[in-house]
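Observations on the three-dimensional arrangement
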Amino acid sequence: MIKTANTVARGVQTPLLGRLFDAIKEDQRLVVIDFGTGSSAILEALQTHRVRLDAMAIAEQLPGWSALETQEDRADALANYFKRFQLESADWVLCWGLLNYLDAPLMGQLTQQLLPHLKPQARIHALIEYSSSTMPATPPRYQLSFEEGKAYLSVDSSPSTISSPRYTPKRLEGMLTGLKTENTILLSNGMQEYIFSRA
């Protein structure tokens, strides 16, 4: 049976993201790769911990990567982009809604670039369009907040929409080579929240 999370005025409750925060050990140094732009709310939520956060702003690169003519050109572009960050091995990867905007080849290429930068116990968090046949035309930005110890995400998105891929768990695992679904929960806004880990 799929559990459904609650929606409040501050956004939708994201239990799996909340569990990641709850599991941080007091003396842990946390390495986070953020595929978004690295919001101040994330930094504030982690301010009591020793953290390295690399905000990669992947969505801003998508138009250029998609315009490349061959898969080899895409793979080279991703590899060169990842090299810019001199990433450490990560405990978390925050994908937000990015995976909804990637086709199968690009998702596979992104995963292959990411895998060498994951600790064995790394967790990858993502939000996938599940119930709705449409989604914002460009990847939205998510704002994190906490209420009574629970994590909530609100969305800042474009009013224009496109068709959503509505990836199933099986389809996602087929594209995210080297990763597996560890946990998933249906949110009350119709999105599916995922935690992936190494396969």
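Just so it is clear, the model here is predicted, and its values are computed rather than measured. (Residues numbered from 1 in each chain as written. Predicted model: local features only at pLDDT ≥ 70, side-chain atom pairs only at ≥ 80, totals over all residues. Heavy atoms only, no water.)

Attention now goes to the pairing of strand S9 (residues 150-156). Bridge count for strand S2 (residues 11-13) against S9 is two bridges, and the pairing is antiparallel. Note on S9: the bridge partner recorded for Gln13 is Tyr152. Relative to S9, strand S8 (residues 141-147) is paired through seven bridges, and the arrangement is antiparallel. For Arg141, the partnering residue across the bridge sits in S9 and is Asp156. In this structure, the hairpin formed by S8 and S9 is closed by a connection of two residues, where Glu148 is found at a positive phi of approximately 55°. (Pairing = 2+ DSSP bridges. Helix = DSSP H or I, 4+ residues; strand = E, 2+ residues; numbered from the N terminus.)

Another point: the pairing of strand S12 (residues 191-198). Most of S12 sits inside the fold, with seven of its eight residues counted as buried. In the sheet, strand S6 (residues 118-129) pairs with S12 via six bridges, with the strands oriented antiparallel. When the bridges of S12 are listed, Glu129 appears paired with Met191. Where strand S11 (residues 179-186) and S12 come together, seven bridges link them in antiparallel fashion. Note that in S12 the partner of Thr181 across the bridge is Phe196. In textbook terms, the turn of a hairpin is the stretch between consecutive antiparallel strands, and for S11 and S12 this stretch comprises four residues, one of which, Gly190, has a positive phi near 90°. (Buried < 20%, exposed > 50% of the residue type's maximum accessible area, 1.4 Å probe, protein only.)

Below, the discussion takes up a negative patch on the surface. Residues Glu69, Glu72, Asp73 and Asp76 make up a contiguous surface patch of negative charge. Relative to the helices and strands, Glu72 is located in helix H4 (residues 71-83). (Patch = residues over 30% accessible without salt bridge, like charges linked within 9 Å, V, L, I, M, F, W, Y side chains within 5 Å. Areas by Shrake-Rupley, 256 points an atom, 1.4 Å probe, with all protein chains shown as cover. Salt bridge = Lys/Arg side-chain N within 4 Å of Asp/Glu carboxyl O. Lys, Arg positive; Asp, Glu negative; His and termini not counted. Charge placed at Lys NZ, Arg CZ, Asp CG, Glu CD.)

Taken together, six strands build an open sheet; the order of strands is S4-S3-S5-S6-S12-S11 and the sheet is mixed. Either end of the sheet is taken by a strand with one partner, and the two such strands are strand S4 (50-55) and S11. Taking the axes of each pair of neighbouring strands and ignoring which way they run, one obtains an average angle of 20° across the sheet. Pairing analysis gives four bridges linking strand S5 (residues 90-94) to S6, with the strands arranged parallel. (Axes fitted to C-alpha atoms, helices over the stretch in contact; angles between N-to-C directions.)

The tendency in soluble globular proteins is for nonpolar side chains to be buried side by side. Membership of the largest hydrophobic core comes to 38 residues, with the highest contact counts inside it found for Phe35, Met56, Ile58, Leu99, Leu172 and Phe196. For this core, the secondary-structure elements that each account for two or more residues are strand S3 (29-34), helix H3 (62-67), H4, S5, helix H5 (104-114), S6, helix H6 (169-175) and S12. Considering every element that reaches this core, the biggest residue donor is S6, with five residues. Excluding anything up to four places from it in sequence, Leu99 contacts Met107, Ala126, Ile128, Tyr167, Leu176 and Phe196. Counting 23 residues, the second-largest nonpolar core is a separate cluster that includes Ile24, Leu94, Leu127 and Leu144. (Core = buried A, V, L, I, M, F, W, Y, C linked by side-chain atoms within 4.5 Å. Contact = heavy atoms within 4.5 Å.)

On to the environment of Leu127. Note on placement: Leu127 falls in strand S6. Looking at Leu127, the relative accessible area reads 2%, which means it is buried. C-alpha of Leu127 to C-alpha of Leu186: the two residues are 59 residues apart in sequence and 9.7 Å apart in space. Excluding residues within four positions of it along the chain, Leu127 makes contact with Trp96, Gly97, Asn100, Tyr142, Leu153, Leu187, Met191, Gln192 and Glu193.

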